[in-house]
Amino acid sequence: MSTGKPGKGTPWQGIHSHNLAYLLDQYDRYSQDPEAVDPELQKLFSEWGPPPVSVYQENMTPKDPAHFQDKSVSVPDLKKVVAAEKLSHKIRTYGHLDAKIDPLGVHGSDPNPLLDPAEYGLSDEDLKAIPAHVMWAEESEDIQTGLDVYKRLRQIYTQSLAFEFTHVHNREERRWLFHMVESKEFLPSFSKEKRIAVLNRLTEVDGFEKFLHKTFVGQKRFSIEGVDMLVPMLDEIIHHSVHHGLSDVMIGMAHRGRLNVLAHVLGKPYEMIFAEFHHAPNKELVPSEGSMGLNYGWSGDVKYHMGANRQVDGNDTVRTRLTLANNPSHLEFVNPVVAGYTRAAQEDRTKAGYPEHDVSKALSVIIHGDAAFPGEGIVAETLNMSRLRGYNTGGTIHIIANNQLGFTTESLDSRSTTYSSDLAKGYEVPVVHVNADDPEACLAAVQLAFQYRARFNKDFLIDLIGYRRFGHNEMDDPMATQPKMYNKVRKHSPVRIQYAEKLKAEGLVSDESIKKLEQAVQDRLQKGYRKVKETRSNSGKDDLLPVESIPGPLPEVKTGVPLKTLQEINEDLLKWPEGFKVYPKLEKVLKRRGGGLKEEGKVDWALAETLAFATILKDGTGIRMTGQDSERGTFAHRHIVLHDQETGETYCPLHGIPQAKASFAIHNSPLSEASVLGFEYGYNVFEPDSLVLWEAQFGDFANAAQVIIDQFLAAGRAKWAQRSSLVMLLPHGYEGQGPEHSSARLERFLQLAAENNFVIGNLTSAAQYFHILRRQAALIGKEEARPLILMTPKSLIRNKRSVSNVSELEKNRFQPVLEEPLLGHKPKKVRRLVLASGKVAIDLETKIETMEKKPDWLHILRVEQLYPFPKEEILSHLKKLKNVQEIVWVQEEPKNMGSWFYMEPRLREAVEGRLDIRYIGRPDRSSTAEGQPDVHDIEQERILTDALNPETLKTETIAGGKRNA
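Predicted model only: the values in this text are computed from it and were never measured. (Residues numbered from 1 in each chain as written. Predicted model: local features only at pLDDT ≥ 70, side-chain atom pairs only at ≥ 80, totals over all residues. Heavy atoms only, no water.)

Draft legend 1. How the structure looks around the packing of aromatic side chains. Using the criterion set out here, one finds 28 aromatic pairs in the structure. Aromatic side chains tryptophan 605 and tyrosine 769 sit 5.0 Å apart centroid to centroid with 20° between the ring planes, which places their arrangement in the stacked category. With tryptophan 605 in helix α24 (residues 605-618) and tyrosine 769 in helix α30 (residues 766-779), this pair connects stretches of sequence that are 164 residues apart. As far as the burial class goes, tryptophan 605 and tyrosine 769 line up, both buried. Aromatic rings pair up to connect Phe208, Phe211, Phe216, Tyr270, Phe274 and Tyr529 into one cluster. One Lys or Arg, lysine 591, reaches over the ring of tryptophan 576 and ends 4.7 Å from the middle of that ring. Positioned above the aromatic ring of tyrosine 391 is the side chain of arginine 624, whose terminal nitrogen or guanidinium carbon lies 5.5 Å from the ring centre. (Phe/Tyr/Trp six-rings, centres within 6.5 Å; stacked < 30°, edge-to-face > 60°. Helix = DSSP H or I, 4+ residues; strand = E, 2+ residues; numbered from the N terminus. Buried < 20%, exposed > 50% of the residue type's maximum accessible area, 1.4 Å probe, protein only. Lys NZ or Arg CZ within 6 Å of the ring centre and 35° of its normal.)

Here is the structure:
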C-alpha cells in the first residue's frame, strides 16, 4: 500500500502536473472498476494505492505565491484538479469545433459544451485556485492560474488556426506539436516588408483572375478566388525549401486555381497562358475539363491541366527546381504520380544495391479538393504508401483547397465526416484547419507543416477553408443550387481587400500605394496580352505546347550477351554471404541453375529474367521493380530476395554480383494497383534513365488501375509530351482458374494502342523475355522509348516448352514473330496458317507433339509482339506458303476480348483480300472465363481440336457447333 510519501524507491517520485491529474483520474476509475484501467495501472494501484497527499500538495504550491494572497481563494480539491485537466485536454482535442475557420460562417454552430468549464463543474474561482503549471507545461509570466491557462488555451485553439493532433500516437511527435503551438514557437515573424510582399502577391493573384474574367468572357478557368492564399502559401513552402537546400519541389493539383499557380508559382509567362485561351473552341462546346484537339492526331491537354517546370535560385550553392505535374480531370489521381517523382528525385542509383535514399533532396506538395479528398479512394491508397519502405518520400505537405462545396454537391451529401480532412487522421497525419481570409495564419500553418516534415519526415495536412467565388466553372450560376452560400459570397470582400484594409489601418500602406500596386499588376497583364495579339497578327498562329514528335518504329537492338559473361554472372548469383542460410528446399532449386548455363544448357523463365536484370545492371542501367509479392513472385518462381532461415535477414543476389554498375530496387507493394502503378509511372517519368517495372499479382487486377493506364500511361506523351518507358508485367492465361485469374484484359491495351504509344507482347519463351527486357532497357531515355505491356505466364513459367537453349540468349534478338518448330517443313502443302499468341500457342504445340503424324497442311506462327503490329514479319513468312487458303486467328479468350478485334482488320489489310481471315476460339462472353475447371477443359480442348482439324478449313467454329464461313 501507499507509504504516503513520494520519496525514493516509490513510483510517485517525480510525478507532477499533467501526470498527476492523469493518475488521479485513473485511480478514480480504478476505485469504481479495476478492469476500467490498463493492467499496468491495476498493478500500480493494487500495490501502492492512490498518489499520496504530499504529491498533490507539492503540485498545488504556486510558483508565485503573490498571485494567491487573496484569502478567498482556497486550495482546490483533487476532483477540481482532475476536472481542470480534463477541460484543458478537451480544449486541445476539440477546440477546432469552436474555431473561427469558416470565412463565410455558413456552417456556424452553437458553442461546444465540451469547452465550457461548467460542463466539468468548474467555476472561475475554482480555476483561479489552481496553479497554472498544474494545467500547462509552458512557462509564461502572464499565466499564473488555471483561469489564465483556460483563457490562453481558448485563444490558441479556437481562432482562425485550429489544430487536430490527438490522433497522432507517437508521443514525441504529439508533445512537439502541442509545444510548438502552445509556446507559439512555430509562428513566423512578419516584418513590414514581409506583410507588404504578401499583399503584393495577393494583388497579383486577384488581378490575374479579374483580367481573365473580363478579357476572356465566359471562358472556363476554374478560378482560385476564395482560396487566394494558396499561392502565398506555396511561395512560403518554396522559400523554406530553398533555405533548407532541397533540389526539387514537386507539386500536384487538380484544375481549381491551377492557372494562377502556373503563372505566379511556376513563373509561366502570362502571354503563354493567354495564347492557350485563343485555342479554346466555342465555349459552349467545351466539356467541363475536356480536351482540345490539335492537328495530326496530336492531343494537347486543356490549359488548366498543363504542368510546368521552373528553377529558383536560393543562394550561391542552391538551385531548387519546381515541377507542377500534369494532371487529367481525374483530380486526385496525380497524387501517387507526384510521390513517384519525389522518390525518384531523392534516390542515387549509381551504385550496386538498393539506391541511396535521401529525403532531404526533394519535397512533394499535393493540393486536394475538399470533395475529392474523402471521395476518391486513390487518396487513401497514396496516404497508405507514405511510410512504406519502397514508397516513403519523407513526408508530403497536403493542402486541401477547401471551397466547402463539390461542384453543386454540399458536404452533407459528399462525406460522412466532420471535415474533408478526417481521412488523414486514420494515418496519424497532423491536421491544421485555417481560415483562408487570414493570410498570416495561413503562412503560420505552412511554417508548422514544414518544420514537422523536416523533423519527423512524415506527412502534414493543412485544411485551407475558403469558398468559391463563382460556380464550378465560370459559366455556372451557383445561385440555382446554393442560394444561401452565394448570397454571402457576393457580399464577401476578397482577402486582398481585407488584408489591404488591415495594413492600411496599421499605417503600413496607403490608398495611393494600393492603387499603384493594382495598376502595376494590370499593366503587366496588358503587356502580356498585347504580345499575344501581336504574335497572332504577325504569324497567324501561336506557339503550341506540348511539342513532341510521335515515336518512330522500334529500332533493331542487339540484345545478345556472350555466353562467358552469362556464366560468370550465374556463378556470382549463387555466392551468398558467409553463414547465410537459405531455405533448403529453395536452395536446391537455385543450385540447379549453377549447371544450367553450359553450352547446351537450358534457361527457364525465372533465370532468364534474373540474367536479363543482371546484364542490364552490368550495362550501368538502374532497375526498380515493385508489385504485390514481387520479391518472391506470385508463382514462387523469382526468389530475388532470399531470407535467412534462422535470423530472418534478407539478401538480394543482384546486390552482390561484381558486374553491377547501378542500383537494383525491388519492393513488395501494398495491396493497391492504382496508387502503385501511378507511383511507378511518376518515378519513371522523372527518372527516364532507369528501367522501372510494375508487376500485377494477377493480370486482371490491373483494371483497378485503369485511370492511370488510360490517362497517363497511354496518353501522357500525346497530351503532355511526357515520355515513359514503364514495364507492366501482367500474368495472363486460361488455366481453369475462373474469371478472376485468367485475363489481364489484353483487349483494353490493344484498344488504347496508337501512335506507337506502347509495345504489347504475349511471349512464349524464356529467351524472348530476356531479349525484350534488354531491348526495353536499351531504349530508355531515347526518342523510341515507350511503355512495354507484357502478358506474362503463369503455368507456362514451369512448362518445359517455354525453356530456351542458352545459345538463344547469346546469339539472337527479340523476334516479333516465331515459327512453330514442329511444323512448316513442307511449305507447299500448307493450306491453313494459324496465328496465335502466348499460352495457347504452347497448348497447340503440346497437342501437336501427341500426333503421330504431324499435319503438313498446317503451319503456326506465334505472334509474340502484338503492337506495333508485325505486318512485315507475318508477310515474310506468308510468302513461303504458296498454296495457303486461309489465315486463322486462334485465341483462348472470348471473341469479344483478347486480340481478335485488333488483329482481324490488320490481317485483312495485310493480305489485301487474297485470303480468308477467320477466328477459332471462345464465343462472345460477358465474363472473361468459365467458372468451372471441367467446363474450361472442354472448351479449351474444342479450340485446340478445331484449330488442328482439317475438316474445319473455311469453317468458323463457335461453342456448341460450327457454321460455314
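Now that the structure has been shown, we can carry on.
Draft legend 2. Inspection of helix α34 (residues 900-911) at higher detail. Spanning 12 residues, α34 covers 16 Å between terminal C-alpha atoms, matching the ideal 16 Å at 1.5 Å per step. Buried residues of α34: Trp900, Tyr902, Met903, Leu907, Ala910 and Val911, and no others. Along the long axis of α34, the arc covered by the buried residues comes to 145°, so they all point the same way. Turning to α34, the residues buried within the fold contact α29 (746-752), β24 (832-836), β26 (865-867), α33 (871-878), β27 (886-894) and β28 (916-922). Looking one or two residues beyond α34, the residue adopting positive phi is glutamate 912, at roughly 55°. (Expected span 1.5 Å × (residues − 1). Arc of directions from axis to C-beta. Contact = heavy atoms within 4.5 Å.)

Draft legend 3. Representation of unusual backbone geometry within the structure. The peptide bond linking tyrosine 867 to proline 868 adopts the cis configuration, its omega dihedral lying at -5°. With respect to the helices and strands, proline 868 occurs in the loop between β26 and α33. One non-glycine residue, leucine 331, lies in positive phi territory at about 50°. Despite not being glycine, aspartate 629 shows a phi value in the positive range, around 70°.

Draft legend 4. Structural view of the nonpolar core. Counting residues in hydrophobic clusters, the biggest one holds 101 residues, and the most contacted among them are Phe163, Phe274, Ile399 and Leu448. When residues in this core are grouped by element, the largest group, 11 residues, is from helix α18 (residues 439-456). Residues from two domains meet in this core; each of domain 2 (78-159) and domain 3 (192-276 + 301-528) gives at least three. Excluding its chain neighbours within four sequence positions, the residues that come into contact with phenylalanine 274 are Phe208, Phe211, Leu212, Phe216, Leu525, Gly528, Tyr529 and Val532. By size, the runner-up hydrophobic cluster in this structure holds 80 residues, among which are Ile366, Phe686, Ala705 and Met791. (Core = buried A, V, L, I, M, F, W, Y, C linked by side-chain atoms within 4.5 Å. Domains from an automatic or database assignment.)

Draft legend 5. Examining the environment of leucine 809 more closely. Note on placement: leucine 809 falls in helix α31 (residues 806-811). Among the residues examined, leucine 809 registers a relative accessible area of 0% and is labelled buried. In this view, leucine 809 contacts Thr559, Gly560, Val561, Leu566, Val603, Leu611, Ala767, Phe770 and His771; residues no more than four positions away in its chain are not counted.

Draft legend 6. Highlighting the pattern of salt bridges. Applying the stated criterion across every chain, the model contains 53 salt bridges. With its nearest N and O atoms 3.6 Å apart, the salt bridge here joins aspartate 98 to arginine 154. In this pair, aspartate 98 is assigned in the loop between α4 (78-94) and α5 (124-128) and arginine 154 in helix α7 (residues 146-157), connecting sequence segments 56 residues apart. By relative accessible area, which is 16% here, aspartate 98 ends up buried. The partly exposed category is assigned to arginine 154, whose relative accessible area is 24%. Glutamate 886 is the partner of arginine 832 in a salt bridge, and the nearest nitrogen-oxygen pair spans 2.6 Å. Placement of arginine 832 in strand β24 and of glutamate 886 in strand β27 is noted, with a sequence separation of 54 residues between them. The exposure class assigned to arginine 832 is buried, which follows from its relative accessible area of 0%. (Salt bridge = Lys/Arg side-chain N within 4 Å of Asp/Glu carboxyl O.)

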